[in-house]
Amino acid sequence: MYSGAAAAAGPPLRDFISVTLGPEEAVGVGGYNNSKAWRRRSCWRKWKQLSRLQRSVILFLFAFLAVCGVISYTSLGEAWKSITNKSLDDQRTEQEIPRLKLANPAVLPAPQKADANHGDYPELSLQKPPKPPHIRRGPSNLQIKAPQRDTRLKTQHDTMRAVEELVKADKVEKTEKSIISWRGAMIEPDQSTEPPSSKVTEPEKHSSVETEDQKEPVPINERQMAVIEAFRHAWKGYKDFAWGHDELKPLSKSYSEWFGLGLTLIDALDTMWILGLKEEFEEARKWVANDLVFDKNVDVNLFESTIRILGGLLSTYHLSGDSLFLEKAKDIGNRLMPAFKTPSKIPYSDVNIGRGTAHPPRWTSDSTVAEVTSIQLEFRELSRLTGDEKFQKAVDEVMKHVHTLSGKNDGLVPMFINTNSGQFTHLGVYTLGARADSYYEYLLKQWIQGGKKENELLEDYMRAIEGVKKHLLQRSEPKKLTFVGELAHGHFSAKMDHLVCFLPGTLALGAHNGLAADHMKLAETLIETCYQMYAQVETGLSPEIVHFNLHAQKGHKDVEIKPADRHNLLRPETVESLFYMYRFTGDKKYQDWGWEILQNFNRYTRVPTGGYTSINNVQNPNNPEPRDKMESFFLGETLKYMFLLFSDDIDLINLDKYIFNTEAHPLPIWVPA
Ligand code: DMJ
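For clarity, every value in this text was computed on a predicted model and none was experimentally measured.

What follows deals with the pattern of salt bridges. Between side chains of opposite charge, a pair can form when the charged atoms approach closely. A complete count under the given rule lists 29 salt bridges for this structure. Among the ionic pairs, Lys 469 bridges to Glu 466, the shortest N-O distance being 2.9 Å. Here Glu 466 and Lys 469 lie together in helix H15 (residues 455-472), a separation of 3 residues that amounts to about one turn. Exposure remark for Lys 469: the relative accessible area of 27% places this residue in the partly exposed category. A salt bridge links Lys 588 to Asp 648, with the nearest nitrogen and oxygen atoms 3.5 Å apart. One end of the pair, Lys 588, is in helix H19 (residues 588-604); the other, Asp 648, is in the loop between helix H20 (632-645) and strand S17 (658-660), with 60 residues separating them in the sequence. Overall, the relative accessible area of 18% leaves Asp 648 in the buried class. Salt bridges sharing partners connect three or more residues here, namely Asp 295, Asp 331 and Arg 335.

Next up, the structure:
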């Protein structure tokens, strides 16, 4: 109520701070005595004489001072804690640090001790992992205060508490035997870290895996708010025009069906949980409870439905503690099992989840190597949760078999494998891109998931990275960017899929877990290249595939794009790697690069009526040619990794406790007890 006119007329009103004393109350005037009763009466009278405005202002001042007191008390406490932690850190010896890092804090108990034998393979020696740059929750002076635009989203903690309340009613009866903590894992007494065979004799104890409740809430910053806004915009389109269907077609305001299983909704569940979108989460949960039915005569792709549906349900179960999601995960897991009934046990690509039959694609009896070797994290976790070993057995058998196969080139695998013979086919072509990519990712991630004791996985991973270095790395001109090309029958091709940009993140994760330090160096080099795949393009968005220039030519950039490759499907891989790089180095440039990418998604792919769309031409800012499709991984992965990238809270999906599947669904690491 302080208008410009009033300001011009003179100083602002200050009557609320002047208190006029009446004659009785004036010092030295009759009636004054210093008794307690008199003083109480006198104060009360003075109070009553104040105007309503004066009283309100005084009360407000008191309240304000009280709040200030509480805040300064907590930040002093925080400062004290970080000083104490720092000095404790300083006291640790060099030898202690790696040991402490490798013995991850317990997330989920394991029945067996880790086999510490890493000596079989020369490269396997564990290096000192780089120290995370952040003080545990981020020093308070570095924290960006939450904007007041939406008080419902003030902190992750608040919002998640609210979501917990929403699901509590359902949880109470179904999860009596469980301990739940937000952002922590759900522990059930029958969990184990091994295939639930006869080895698991002791029932696991209930244990609270995190003490999240005692932690300081970490405010959401401006960039995270921008991600939440983007998510809500995408969700609005999906809700308005594609609710319960697989993918939104935002321009035609309709949807496309792939499996007919609400793919986008399921892929987005844990993202909503992490972003704190409780209303949206609750609405989606209702759909899962009432409308998600797997008893359908429909062919689904084993890999895609595993990473998106099974992975999405399992991670949502872990984050929310809501057993509805575990029930659904069991259901789909069982329905996918017929895929493994093949002569070689290498699964078929497609399963009819209603009929319980499986088959390869019509034109071949081959499966894709990446597909059969990137379903393991999910099936292994399903076995651990259900106590039914069949899921893990089936996928472990695939890995063991692939481990022994010939046809690899210094650890690099061909792209196809035959479901009858169990042998690689189409030998001689090696890529880290489509059809092979997540084979490499899952070697490392299974090793981490299982408590770093399955040495064959580590061997295969380390050999493969040596293979990449030996055969696939080259440098471009003029900027000398290191990139990962392809090898076809001895000929090097300077082609790199955007999909390959998962690699810097995976390499960094390996280095964080004690693998060779030069993996981190390579990760730093490669993420720069992936960023340049965006920065050197007219829209600032990467195409699906680039070709790097090996020879300097006047007026040519490092990145060349063929007309057939200039689309962008809103893919996550670069943002995913930026997230890992920021977590492990604390270098803000990675956040800034991610921020640029988010802005360009908003500029060129956002559809005003709701949703985002893939585009056909990243080279034309005036007409990027929208494709009219929002892939489910935009919500499942791209926006989730953006949100995590912009966060300074290393406990927001702590990478020593969770491993992300290839669709960005976090699953718990099974840590040795
Ligand atoms: C996702 O389904 C997964 O990340 C998969 O590993 C690769 N393709 C898409 C995203 O690009």
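Text resumes after the structure shown.
Turning to the layout of surface pockets, a few remarks are in order. By volume, the largest pocket amounts to about 1000 Å³. Considering the residues around the largest pocket, the lining is formed by 46 residues, among which Phe 303, Glu 304, Glu 371, Ala 434 and Arg 435 are closest to the centre. Mapped by element, the contributors of at least two residues to the lining of the largest pocket are helix H9 (302-320), strand S6 (366-368), helix H11 (369-372), helix H14 (437-449), strand S14 (495-497), helix H18 (573-585) and H20. Of the residues in the lining of the largest pocket, the class split is 16 nonpolar, 10 polar and 20 charged.

Right, let's get into the packing of H19 against H20. At their nearest, the axes of H19 and H20 sit 9 Å apart, and the two run at 140 degrees to each other. By the criterion of interaxial angle, the relationship of H19 to H20 is oblique. As for the relative orientation of H19 and H20, their crossing is left-handed in sense. Two secondary-structure elements touch here, H19 through Tyr 590, Gln 591, Gly 594, Ile 597, Leu 598 and Phe 601 and H20 through Phe 634, Thr 638, Leu 639, Met 642 and Leu 645. Of the residues assigned to the contact of H19 with H20, the class counts are 8 nonpolar, 3 polar and no charged.

All right, on to the environment of Ile 545 then. By the secondary structure assignment, Ile 545 is in strand S15 (residues 545-548). Look at Ile 545 and you get buried, because its relative accessible area is 14%. Separated by 14 residues in sequence, Ile 545 and Val 559 place their C-alpha atoms 9.8 Å apart.

Turning our attention to the packing of aromatic side chains. All chains considered together, the criterion is met by 22 aromatic pairs. Here the aromatic rings of Phe 231 and Trp 235 are separated by 5.9 Å at their centres, their planes lie at 20 degrees, and the arrangement is stacked. Residue Phe 231 and its partner Trp 235 are located together in helix H6 (residues 222-241), separated by 4 residues, close to a single helical turn. Each member of the pair, Phe 231 together with Trp 235, is buried. Taken together, a centroid distance of 4.4 Å and an interplanar angle of 20 degrees make the contact between Phe 483 and Phe 548 stacked. Here Phe 548 lies in strand S15 and Phe 483 lies in strand S11 (residues 482-484), a separation of 65 residues in the sequence. Judged by its relative accessible area of 4%, Phe 548 falls in the buried class. Connected via pairs of aromatic rings, a cluster forms that spans Phe 579, Tyr 580, Phe 584, Tyr 641 and Phe 660.

Next up on the list: unusual backbone geometry. Of the consecutive residues Glu 477 and Pro 478, the connecting peptide bond is found in the cis state with omega at 5 degrees. Mapped onto the elements, Pro 478 comes out in the loop between strand S10 (473-475) and S11. The backbone phi angle of Asp 410 is positive, close to 50 degrees, even though this residue is not glycine. Positive phi outside glycine occurs at Arg 435, with the angle close to 80 degrees. Structurally, the position occupied by Arg 435 is in the loop between strand S9 (429-430) and H14. You can call Arg 435 partly exposed: its relative accessible area is 40%.

The subject of this paragraph is the nonpolar core. Most often, soluble globular proteins keep nonpolar side chains buried together rather than apart. One finds Leu 269, Phe 379, Leu 432 and Met 496 to be the most contacted residues of the largest nonpolar core, which totals 157 residues. Setting aside chain neighbours within four positions, we find Met 496 in contact with Phe 483, Val 484, Cys 501, Cys 530, Met 533, Glu 544, Ile 545, Val 546 and Phe 548.

So, about the sheet that holds S9. The strands making up a sheet are joined through hydrogen bonds of the backbone, oriented either antiparallel or parallel. Ordered by their spatial adjacency, 3 strands build an open sheet running S9-S12-S13, and the pairing between neighbours is antiparallel. Only two strands of the sheet have a single neighbouring strand rather than two, namely S9 and strand S13 (491-493). Here strand S12 (residues 486-488) runs beside S13; their pairing, made up of 3 bridges, is antiparallel. Bridging from a neighbouring strand, Ala 488 pairs with His 491 of S13. Seen against the sheet, H15 touches S9, S12 and S13 and runs at an angle of roughly 75 degrees to S12.

When the terminal C-alpha atoms of H9 are compared, their 25 Å separation across 19 residues agrees well with the 27 Å that a helix rising 1.5 Å per residue should span. In terms of burial, H9 is largely enclosed, as 19 of its 19 residues are buried. Its side-chain oxygen 2.9 Å from the backbone nitrogen of Phe 303, Asn 301 forms the N-cap of H9. Looking one or two places after H9, you find Gly 321, whose phi comes out positive at around 75 degrees.

Calculation rules
- Residues numbered from 1 in each chain as written.
- Predicted model: local features only at pLDDT ≥ 70, side-chain atom pairs only at ≥ 80, totals over all residues.
- Heavy atoms only, no water.
- Salt bridge = Lys/Arg side-chain N within 4 Å of Asp/Glu carboxyl O.
- Helix = DSSP H or I, 4+ residues; strand = E, 2+ residues; numbered from the N terminus.
- Buried < 20%, exposed > 50% of the residue type's maximum accessible area, 1.4 Å probe, protein only.
- 1 Å grid on protein atoms, 1.4 Å probe; cavity = no way out; pocket = protein on both sides within 12 Å on 5 of 7 lines; lining within 4 Å.
- Points joined across faces, edges and corners; volume = space filled by probe spheres on them.
- Nonpolar A, V, L, I, M, F, W, Y, C, P; charged D, E, K, R; others polar.
- Axes fitted to C-alpha atoms, helices over the stretch in contact; angles between N-to-C directions.
- Parallel < 35°, antiparallel > 145°, perpendicular 65-115°, else oblique.
- Left-handed = near helix turned anticlockwise from the far one by under 90°.
- Contact = heavy atoms within 4.5 Å.
- Phe/Tyr/Trp six-rings, centres within 6.5 Å; stacked < 30°, edge-to-face > 60°.
- Core = buried A, V, L, I, M, F, W, Y, C linked by side-chain atoms within 4.5 Å.
- Pairing = 2+ DSSP bridges.
- Expected span 1.5 Å × (residues − 1).
- Polar contact = N/O pair within 3.5 Å; in protein donor to acceptor, adjacent residues only side chain to side chain.

Function cannot be read off these values alone, since they describe shape.
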